[in-house]
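Listed here are the chains, written in short residue letters.
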Amino acid sequence: MISAFLPKKIKYTGKQLTSLWAYRNFGLLGDSIVAFIGPCNISFNLMVDVEDVRGRHKIYSSLMLHFIVEHFDCGLEKTVLRQRMLACIVKDTLEEQIKRRLKRIGDDLYDNGRKLSISIATASPVSTMIHFAVNIETKRTPVKTAGLNDYKIDPKQFGLKVIQAYTEEMQSVRQARCKVYPVRD
């Protein structure tokens, strides 16, 4: 699995959730996890979550830590499971730093009712993709939120820890597949 933390700020608009985004823009060919910092403002015509579109839920944050994951080996259900694994990794990493428990509901993270993250998993013609983002700032968000600044956590260092944990988990999964005998009847 290839990983990168992009040095420049990128505004997440939903356009990044397209086939081969990491390869086309940064030369990262294959399964990848890419992190970057930037604002988030997704227009309804670029939202892939029909529930958000139907509910006219505004998705906005002045500054977030974004992760875009792309896998070429699986269907959407497996990717949703990987998305939830990524949510658990972010939750564990954050809990370790703030020394208290957070709540995960599906792919969303909360601290005392304040939403920490947004996420979606989707399929493209050649791959499946995950967008997972954690608030850094909480100004003008459309719902009650918490962010990394509230905990005095450096977003880049946090992002690098999450990337490392995700890539290690994926490597561990691949190794676990290869070390067992088939069941014999």
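Scroll up to find the structure this text is about.
Please read these numbers as outputs of a predicted model, since none were measured by experiment.

Colleague: Talk me through the pattern of salt bridges; I want residue IDs and the actual numbers.
Modeller: Taken as a whole and assessed by the stated rule, the structure comprises 10 salt bridges. Notably, a salt bridge pairs K91 with E95, separated by 2.8 Å at the nearest N-O pair. Taken together, the positions of K91 and E95, both in helix 3 (residues 76-98) and 4 residues apart, correspond to about one turn of that helix. Neither K91 nor E95 differs from the other in exposure class; each is buried. Several salt bridges share partner residues, and in doing so they unite D31, D73, R82 and R174 into one network.

Colleague: An account of the sheet that holds strand 2 (residues 32-42) is requested, with residue identities and associated values reported.
Modeller: Spatial ordering of the open sheet is given by 1-2-3-8-7, a layout of 5 strands whose pairing is mixed. The outermost strands of the open sheet, each flanked by one partner alone, are strand 1 (2-5) and strand 7 (117-123). The mean angle between the axes of side-by-side strands here comes to 25°, regardless of whether they run parallel or antiparallel. The pairing of strand 3 (residues 59-71) with strand 8 (residues 128-135) spans 8 bridges and is antiparallel. Paired with V69 across the two strands is I130, which belongs to strand 8. Set on the sheet, helix 3 makes contact with strand 2, strand 3, strand 7 and strand 8; between it and strand 8 the angle comes to about 25°. Along the sheet, helix 4 (residues 155-178) makes contact with strand 1, strand 2, strand 3 and strand 8, crossing strand 3 at roughly 25°.

Colleague: Which residues make up the packing of aromatic side chains, and what values do they have?
Modeller: Two aromatic rings, taken as a pair, are described by how far apart their centres are and by the angle between their planes. Within the structure shown, the criterion is met by 2 aromatic pairs. Aromatic pair W21 and F26: ring centres 5.2 Å apart, planes at 75°, arrangement edge-to-face. What makes W21 buried here is its relative accessible area of 7%. Classification of F26 by relative accessible area gives partly exposed; the value is 31%. Aromatic side chains W21 and F36 sit 5.9 Å apart centroid to centroid with 45° between the ring planes, which places their arrangement in the tilted category. Separated by 15 residues along the polypeptide, W21 in helix 1 (residues 21-26) and F36 in strand 2 bring together distant segments of the chain. Each residue in the set W21, F26 and F36 is aromatic and connected to the rest through ring pairs, giving one cluster. Directly above the ring of F44 sits R56, whose terminal nitrogen or CZ lies 3.8 Å from the centroid. The ring of Y181 carries R184 above its face, with NZ or CZ at 5.0 Å from the centroid.

Colleague: Quick rundown of the sheet that holds strand 4 (residues 103-105)? Include the residues and the values.
Modeller: If you trace the 3 strands from one edge of the open sheet to the other, you get 4-5-6, paired in antiparallel fashion. Single-partner strands in this sheet number two, and they are strand 4 and strand 6 (114-115). The sheet contact formed by strand 5 (residues 108-111) and strand 6 spans 2 bridges and is antiparallel. Counterpart to Y110 in the pairing with strand 6 is K115. Packed on one face of the sheet, helix 3 meets strand 4 and strand 5 and runs near 170° to strand 4.

Colleague: So what about unusual backbone geometry? Which residues, and what values?
Modeller: You will see that R140, though not glycine, has its phi angle at about 60°, which is positive. Looking at where R140 falls in the secondary structure, it is placed in the loop between strand 8 and helix 4.

Colleague: Now, about the layout of surface pockets: what can you tell me, with residues and values included?
Modeller: The space that makes up the largest pocket amounts to roughly 610 Å³. Lining the largest pocket are 31 residues, and of these D52, I59, K115, I118 and S119 lie nearest its centre. Mapped by element, the contributors of at least two residues to the lining of the largest pocket are strand 2, helix 2 (50-54), strand 3, strand 5, strand 7 and strand 8. Here the residues of the lining of the largest pocket sort into 15 nonpolar, 9 polar and 7 charged.

What counts, and at which threshold
- Residues numbered from 1 in each chain as written.
- Predicted model: local features only at pLDDT ≥ 70, side-chain atom pairs only at ≥ 80, totals over all residues.
- Heavy atoms only, no water.
- Salt bridge = Lys/Arg side-chain N within 4 Å of Asp/Glu carboxyl O.
- Helix = DSSP H or I, 4+ residues; strand = E, 2+ residues; numbered from the N terminus.
- Buried < 20%, exposed > 50% of the residue type's maximum accessible area, 1.4 Å probe, protein only.
- Pairing = 2+ DSSP bridges.
- Axes fitted to C-alpha atoms, helices over the stretch in contact; angles between N-to-C directions.
- Contact = heavy atoms within 4.5 Å.
- Phe/Tyr/Trp six-rings, centres within 6.5 Å; stacked < 30°, edge-to-face > 60°.
- Lys NZ or Arg CZ within 6 Å of the ring centre and 35° of its normal.
- 1 Å grid on protein atoms, 1.4 Å probe; cavity = no way out; pocket = protein on both sides within 12 Å on 5 of 7 lines; lining within 4 Å.
- Points joined across faces, edges and corners; volume = space filled by probe spheres on them.
- Nonpolar A, V, L, I, M, F, W, Y, C, P; charged D, E, K, R; others polar.

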